[in-house]
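# Working through the structure, step by step
Spelled out from the first residue to the last, the chains are:
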Amino acid sequence: MPAPSSGFKKALAEGRPQIGLWQALASPYTAEICAGAGFDWLLFDAEHAPNDLPLLVSQLQAIKATVSHAVIRLQWARPGSSSNCSISGRRRCWFP
């Protein structure tokens, strides 16, 4: 079964600028507001912000119906840390 296509990755491959924002407030409310503003991507920072898995999931749920693509910056690059990214359903994870 082929992986779903990503408009975010396609735009990057075509060289189209993507405007985004770092989310470090750990709040689904601010995530929803920023996604509603029309940013192409939002990066949810779990390394420098108090984001844990339940909080990340609630923020991802808050932006699900928007055009913004989510990128998760994980706390650390160690075996097993990428499972939090896949549990949350994200395909775009950033390892420190």
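Being a predicted model, the structure only gives us computed values, none of them experimental.

## A short note on the overall build of the protein chain
The number of helices and strands found in the protein chain is four helices and four strands. The order of α-helices and β-strands along the protein chain, N terminus first, is α-β-α-β-α-β-α-β. Scored against the burial criterion, the 96 residues of the protein chain give a buried share of 34%. Here the analysis covers contacts within the protein chain between residues at least 6 apart in sequence; of these, 47% occur between residues at least 24 apart. Taken as a whole, the protein chain presents about 5,900 Å² of accessible surface, with 61% of it coming from carbon and sulfur.

## Some thoughts on the pairing of strand β3 (residues 69-73)
Two faces, one strand: in a regular strand the side chains alternate between the faces of the sheet. The buried count for β3 comes to four of five residues, which makes it a mostly enclosed element. Bridging between strand β2 (residues 41-45) and β3 involves five bridges; their strand directions are parallel. Within β3, the residue paired with L42 across the bridge is A70. Tracing the backbone out of β2, into helix α3 (residues 53-63) and back to the parallel element β3 gives a crossover that is right-handed.

## A closer look at the pairing of strand β1 (residues 20-23)
As judged from the four bridges shared by β1 and β2, these two strands associate in the parallel manner. Each bridged residue has a counterpart across the sheet, and for G20 the counterpart in β2 is W41. Handedness of the β-α-β unit built from β1, helix α2 (residues 28-36) and β2 comes out right-handed.

## Observations concerning the pattern of salt bridges
All told, the structure shown has two salt bridges when counted by the stated rule. In this structure, E14 and R16 form a salt bridge, with 2.9 Å as the shortest nitrogen-oxygen distance. Of the charged contacts in the structure, one is a salt bridge between R73 and E47, with a shortest N-O distance of 2.7 Å. With R73 in strand β3 and E47 in the loop between β2 and α3, this pair connects stretches of sequence that are 26 residues apart.

## Some remarks on the environment of A24
Note that A24 resides in the loop between β1 and α2. Overall, the relative accessible area of 43% leaves A24 in the partly exposed class. A sequence separation of 23 residues divides A24 from E47, and the C-alpha atoms of the two residues are 9.3 Å apart. For A24, the residues in contact, after removing those within four places along its chain, are A49 and P50.

Basis of the calculations
- Residues numbered from 1 in each chain as written.
- Predicted model: local features only at pLDDT ≥ 70, side-chain atom pairs only at ≥ 80, totals over all residues.
- Heavy atoms only, no water.
- Helix = DSSP H or I, 4+ residues; strand = E, 2+ residues; numbered from the N terminus.
- Buried < 20%, exposed > 50% of the residue type's maximum accessible area, 1.4 Å probe, protein only.
- Contact = heavy atoms within 4.5 Å.
- Areas by Shrake-Rupley, 256 points an atom, 1.4 Å probe, with all protein chains shown as cover.
- Pairing = 2+ DSSP bridges.
- Right-handed = clockwise from strand over helix to strand, strands pointing away.
- Salt bridge = Lys/Arg side-chain N within 4 Å of Asp/Glu carboxyl O.

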